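Secondary and tertiary structure notes
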Amino acid sequence: MSWAKEFVELNKSKHDRSSFDCGEDELNTFIKTHALKHMRAGISRTLVLPSATLLLNQKLAICAFYSVAPSSISRETLPAKQAKKLPRYPVPVFLLAQLAVHKEFHSCGLGKISLIKALKYLWEVNHHMRAYAVIVDCLSGSAQKFYTKFGFEILCVQNGRTRMFLPMKTVEMLFKE
């Protein structure tokens with residue numbers, strides 16, 4: 001199976017959510033049962049990278065996906081050097097709520113591609129609605145290692161998960177023309 005060229009918004013009638021398996025139950029459950037509900041409620045947006053060809057059920061498999069949402073953090077959770085430059089009210093951020101790659105595509109660079117596409121999408125959104133950073137809550141040590149490789153820094157531990165952040169100024173350096 002190969003993937004299409006672009007990420008597109010999750011669509012129940014076009015994308016086969018039931019066959020997605022990234023090896024993490026929480027992420028599998030999210031794409032199968034929560035992603036569309038969250039989109040209808042207006043709390044997040046999920047984009048998928050579909051397969052290039054149809055499955056037998058005439059739907060496209062999901063090779064990878066990411067879900068993003070607006071959020072905010074307390075400035076006190078940021079490193080002191082950065083916090084002192086910010087107002088005392090909650091600081092707007094983008095939450096990279098979910099990012100997963102189907103097991104079939106592990107270790108072939110699709111995680112990196114998905115992260116870059118998610119950051120590019122958030123960079124474009126940032127032109128219309130500003131945010132200070134992108135944050136992510138890591139499900140595991142391997143996820144933390146993955147995000148660290150791409151410049152995310154530890155922010156705090158929240159609900160037993162390591163929360164990491166990447167300032168939008170860093171994202172800007174990646175995509176500014």
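These lines cover the structure that appears in this document, whether it is placed above or below. (Residues numbered from 1 in each chain as written. Predicted model: local features only at pLDDT ≥ 70, side-chain atom pairs only at ≥ 80, totals over all residues. Heavy atoms only, no water.)

With respect to the overall build of the chain
Per the secondary structure count, the chain includes five helices and eight strands. Starting at the N terminus and ending at the C terminus, the chain contains elements arranged as β-β-α-β-β-α-β-α-β-α-β-β-α. Taken over the C-alpha trace, the chain has a radius of gyration of 16 Å; the compact-globule value for 177 residues is 16 Å, and the two agree within 12%. When its C-alpha atoms are laid out on the principal axes, the chain stretches across 55 × 35 × 35 Å. Counting every position in the chain, which comprises 177 residues, the buried fraction comes to 44%. Here the contacts in the chain between residues at least 6 apart in sequence split such that 67% fall between residues at least 24 apart. Roughly 9,900 Å² of accessible area belongs to the chain as shown, and the carbon and sulfur atoms make up 55% of that amount. (Helix = DSSP H or I, 4+ residues; strand = E, 2+ residues; numbered from the N terminus. Rg over C-alpha atoms; globule rule 2.2 N^0.38 Å. Buried < 20%, exposed > 50% of the residue type's maximum accessible area, 1.4 Å probe, protein only. Contact = heavy atoms within 4.5 Å. Areas by Shrake-Rupley, 256 points an atom, 1.4 Å probe, with all protein chains shown as cover.)

Quick notes on the packing of aromatic side chains
Within the structure shown, the criterion is met by eight aromatic pairs. With a centroid separation of 6.2 Å and an interplanar angle of 20°, the aromatic rings of phenylalanine 30 and phenylalanine 65 are classed as stacked. Of this pair, phenylalanine 30 sits in helix α1 (residues 25-41) while phenylalanine 65 sits in strand β4 (residues 60-73), placing them 35 residues apart in sequence. For the pair shown, phenylalanine 30 and phenylalanine 65 are each scored as buried. Their ring planes at 80° and their centres at 5.1 Å tell us that phenylalanine 146 and tyrosine 147 sit as a pair that is edge-to-face. Each member of the pair phenylalanine 146 and tyrosine 147 is classed as buried. (Phe/Tyr/Trp six-rings, centres within 6.5 Å; stacked < 30°, edge-to-face > 60°.)

Description of the pattern of salt bridges
For side chains bearing opposite charge, pairing can occur when the charged atoms are close. Applying the stated criterion across every chain, the model contains seven salt bridges. Between glutamate 9 and arginine 45 there is a salt bridge; the shortest N-O distance is 2.5 Å. Note that glutamate 9 is positioned in strand β1 (residues 8-9) and arginine 45 in strand β3 (residues 45-54), a separation of 36 residues in sequence. Judged by its relative accessible area of 38%, glutamate 9 falls in the partly exposed class. Note on arginine 45: relative accessible area 30%, which makes it partly exposed. Close ionic contact of aspartate 21 with lysine 103 constitutes a salt bridge, the shortest N to O distance being 3.1 Å. Here lysine 103 lies in the loop between β5 (91-101) and α3 (110-126) and aspartate 21 lies in the loop between β2 (15-16) and α1, a separation of 82 residues in the sequence. (Salt bridge = Lys/Arg side-chain N within 4 Å of Asp/Glu carboxyl O.)

Let's talk about the pairing of strand β7 (residues 153-158)
Note: β7 against strand β8 (residues 161-167), five bridges, orientation antiparallel. Within the sheet, the bridge partner assigned to valine 157 lies in β8 and is threonine 162. Between the end of β7 and the start of β8, which pair antiparallel, lie two residues, with asparagine 159 showing a positive phi angle near 55°. (Pairing = 2+ DSSP bridges.)

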